[in-house]
Amino acid sequence: MALSGAGPEEQERGSDHVVQLCNPNLARMKEDILYHFSLSTSTHDLPAMFGDVKFVCVGGSPSRMKTFIKYVASELGLDRPGEDCPNICSGTDRYAMFKAGPVLSVSHGMGIPSIAIMLHELLKLLHHARCSGVTVIRIGTSGGIGLEPGSVVITQQAVDACFKPEFEQVVLGKRVVRSTVLDTRLVQELAQCSADLSEFPTVVGNTMCTLDFYEGQGRLDGALCCYTEQDKQEYLRAAHAAGVRNIEMESSVFAAMCSACGLPAAVVCVTLLDRLQGDQICSPHEVLAGYQQRPQRLVGHFIKKRLTLA
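Here's a quick rundown of the structure. (Residues numbered from 1 in each chain as written. Predicted model: local features only at pLDDT ≥ 70, side-chain atom pairs only at ≥ 80, totals over all residues. Heavy atoms only, no water.)

1. Remarks on the overall build of the protein
To be explicit about the condition: Secondary structure elements follow DSSP: runs of H or I no shorter than four residues count as helices, runs of E no shorter than two count as strands, and numbering proceeds from the N terminus. Here the radius of gyration uses the C-alpha set of atoms, whereas the globule reference equals 2.2 Å times the residue count to the power 0.38. Exposure is judged per residue with a 1.4 Å probe applied to protein chains only, and the accessible area is read against the type maximum: over 50% gives exposed, under 20% gives buried, and values in between give partly exposed. Note on areas: Shrake-Rupley, 1.4 Å probe, and residue coverage restricted to the protein chains presented here. Note that His is not counted, nor are the chain ends; the positive residues are Lys and Arg, and the negative ones are Asp and Glu. Here the site of a charge means atom NZ of a Lys, CZ of an Arg, CG of an Asp or CD of a Glu.
For the protein, the count of helices and strands is eight helices and 13 strands. Its C-alpha atoms give the protein a radius of gyration of 19 Å, within 12% of the compact-globule value 19 Å for 310 residues. In terms of overall dimensions, the protein has C-alpha extents of about 55 × 50 × 35 Å along its principal axes. The proportion of buried residues among the 310 residues of the protein is 47%. Total accessible area on the protein is roughly 14600 Å²; 53% of this is exposed by carbon and sulfur atoms. The centroid of the 28 positive side-chain charges in the protein is displaced by 4 Å from the centroid of its 33 negative side-chain charges.

Written out as structure tokens, the structure reads:
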């Protein structure tokens, strides 16, 4: 077992330099094909396309990330009437990618395997493009624990289903455990941005990352279930006591991979329900659509503020 990950000091130092990777094999490759992005180092001028990127925001669905880049472009004065935001990864249907000035918006699908594949290629893209001073933020939805629906959670620590701040993976038959460190200063900065907006309830807390939407999160409404309502409540209350305020399925590997490469990273998710009160999302579509805009609004304000102060 190996426990690795860059601490806050290493992240801060790394933020001033070109994005670094943890794979010596890449230096011996004549070409790097980013297959799931439909990009490569030989057929695309990655520094010209992405060298100015300072903020990368990732989220589950292509439509949500397109909406986000349109919002950011408008906020930064980069949008042009009548012009659409083209999908840079139009050669594939795996992920979608959009760009507005120094902001890159990328979809990652659902769950740890999907976001992990995307992150491997995203981190390589940033490295090949010689990007520096990059901040990466995941924006998304989640289930809350003890919070009103619509509350925004800024992740302090990403934890596993046993409430440990670790991401475990089997590599060549061996357990590899990586730290899920997130940037403390970035958390504080985002919390201040939410206070500046004063538009919706926001908390800083731990986020539990699970491998599954149903049994892995203690739901009673899946096709399989081997526990009772009392078991579920005891587990969720134990999670709350451990500082967990929301549950999703991507934060642990996101934090681990960004930390390993020294990138300041944050997770900002809105809660769609309080899991202590039920398992199914019952709010009307228009209400949920409004909730989903909240992380976008907060992160958009953060980016605009950062650029204004630069």
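2. Brief notes about helix 6 (residues 229–241)
Cut-off, in case you're wondering: Expected span of a helix, by definition, is 1.5 Å for each gap between consecutive residues, and there is one gap fewer than residues. What the arc describes is the spread of directions from the helix axis to the C-beta atoms. By the convention used here, residues are in contact when the closest approach between their heavy atoms is within 4.5 Å.
Over its 13 residues, helix 6 extends 18 Å from the first C-alpha to the last, a length consistent with the 18 Å expected when each residue adds 1.5 Å. Those residues of helix 6 not exposed but buried are Lys232, Gln233, Leu236 and Ala239. All buried residues of helix 6 project into a common sector of 125° when viewed along the axis, lining one side. Opposite the packed face of helix 6, turned more than 90 degrees from it, sit the exposed residues Gln230, Arg237 and Ala241. Turning to helix 6, the residues buried within the fold contact strand 12 (244–248). At the exit of helix 6 stands Gly243, carrying a positive phi of roughly 95°.

3. A look at the side chain of Lys124
Mapped onto the fold, Lys124 is located in helix 4 (residues 112–128). If we ignore the near neighbours within four places in the chain, the residues touching Lys124 are Leu21, Leu26, Asp32 and Leu34.

4. What about helix 8 (residues 285–309)?
The end-to-end C-alpha distance of helix 8 is 37 Å, a good match for the 36 Å that 25 residues give at a rise of 1.5 Å each. Among the residues of helix 8, those classed as buried are Leu288, Tyr291, Pro295, Gln296, Leu298, Val299, Gly300, Phe302 and Ile303.

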